[in-house]
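Coordinate inspection notes
Spelled out from the first residue to the last, the chains are:
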Amino acid sequence: MKLSKILFAACAMLAINASAGVNLSNYLGAAVPANEAKAVLGKVFMHDLSMLDRMVVEVADMQERKNGVKVVFFYVGRMSTQMNTELYAMSFDSGWNAVDGMMLGYTGDTQCVKITMPEGYYIETQPDMPYSIVADTLGVERTYRYGTSIVGKYFNQLGTLNSYYLIGPNGIFTQLPTQVSAVESHGDVNAPGGNEPVSGEVEGLYSILGVKLLDMAHKPISAKFDMNELNKLAKDFVNLEESSTDEPSTSASNINVSEFARWSTALGLRNAEPFLTWIAKNKGKEAFSNFMSRVIAENEFKEASWLKAMVPTLKDKKARQWWQKWLTEKGR
């Protein structure tokens, strides 16, 4: 292994090494006490840690690998009726020091891949997110289905999204591109000889930007945080919103814009130093502050207090001052 890779792995471990001493095997299939949940999830949680005061964190499953590395799955909020269930995975070394982790998904996030269909067509998304570890690969599966209510037409497309992560020997997760596949049956009784549905594998109907949104929200904490890449994606969602002509309440595009605003803000605040400093230094070039304004105004997950807590920690004085002014202008 090259020295640069060794240093990268070491830095990743040190970056989230906040949960030493919490033996999670004691909580398998049970809830983790709030104070220990904060220590365990630490840098991985996609909200302000104070949210854990009202969320139950459950240890859903655990696998111990040959070299002593443990991969643990958590449900957050599953026992609450006020929020969607979030699924996290984390890796720990033999001494229960956190190595890496990420949010694998949240109930209903499959809606991000749906597209606005013509009248008479609909989509159903499944809330479940089956997860598994096969050899050195962690996988999460999502499914969705398109259908039609048009008399005389038959259309059924079952789509599957598989998100994969390689589990390194040291517990570092490497995110792989999401794979999408679909099987479709269709037919038209009004067409000549068209009584029998035709079935087969197809490319599938899904939002490419929606898949990118899911990939963004579910990056491991050890992954490189690239603000230029993230800003480029933000501009894509600005263009998506500007080009949408559908009603906001029904448009798949507008739902995706809202989801991007929420999770890009969360990802950014989880990486507050590079995220907030970059925005402050790239006034007029960045595409985030409008998205953040909406999220801060809604403040569904205490994003305003999270941002206010992060601003004083910024090393760059001008960046701190810029955000303090921004918060004042927003009435925060």
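Scroll up to find the structure this text is about.
The following refers to the structure shown.

Thresholds, definitions, all that
- Residues numbered from 1 in each chain as written.
- Predicted model: local features only at pLDDT ≥ 70, side-chain atom pairs only at ≥ 80, totals over all residues.
- Heavy atoms only, no water.
- Phe/Tyr/Trp six-rings, centres within 6.5 Å; stacked < 30°, edge-to-face > 60°.
- Helix = DSSP H or I, 4+ residues; strand = E, 2+ residues; numbered from the N terminus.
- Buried < 20%, exposed > 50% of the residue type's maximum accessible area, 1.4 Å probe, protein only.
- Polar contact = N/O pair within 3.5 Å; in protein donor to acceptor, adjacent residues only side chain to side chain.
- Contact = heavy atoms within 4.5 Å.
- Salt bridge = Lys/Arg side-chain N within 4 Å of Asp/Glu carboxyl O.

Our focus in this paragraph is the packing of aromatic side chains. Throughout the structure, instances matching the rule amount to 11 aromatic pairs. With a centroid separation of 5.6 Å and 75 degrees between ring planes, the pair formed by Tyr 121 and Phe 155 is classed as edge-to-face. In this pair, Tyr 121 sits in strand S6 (residues 121-125) while Phe 155 sits in strand S9 (residues 153-167), placing the two residues 34 residues apart along the sequence. Judged by its relative accessible area of 25%, Tyr 121 is partly exposed. Their ring planes at 65 degrees and their centres at 5.1 Å tell us that Trp 323 and Trp 326 sit as a pair that is edge-to-face. With a gap of three residues between them, Trp 323 and Trp 326 both fall in helix H9 (residues 317-329), about one helical turn apart.

Turning our eyes to something else, we now look at the side chain of Thr 277. Relative to the elements of secondary structure, Thr 277 occurs in helix H6 (residues 272-281). Among the polar contacts listed, one links the side chain of Thr 277 to the backbone oxygen of Glu 273, at a separation of 2.7 Å. When sequence neighbours within four positions are dropped, the list of residues in contact with Thr 277 reads Ala 272, Leu 314, Asp 316 and Ala 319.

For the structure shown, the criterion picks out nine salt bridges. Between Glu 64 and Lys 70 there is a salt bridge, and its shortest N-O distance comes to 4.0 Å. By relative accessible area, Lys 70 is classed as buried at 7%. Here Arg 145 ties to Glu 124 by a salt bridge, and the two come within 3.0 Å at their closest N and O atoms. Of the two residues, Arg 145 sits in strand S8 (residues 137-148) while Glu 124 sits in strand S6, which places them 21 residues apart along the sequence. The partly exposed category is assigned to Arg 145, whose relative accessible area is 23%. Given a relative accessible area of 35%, Glu 124 falls into the partly exposed group.

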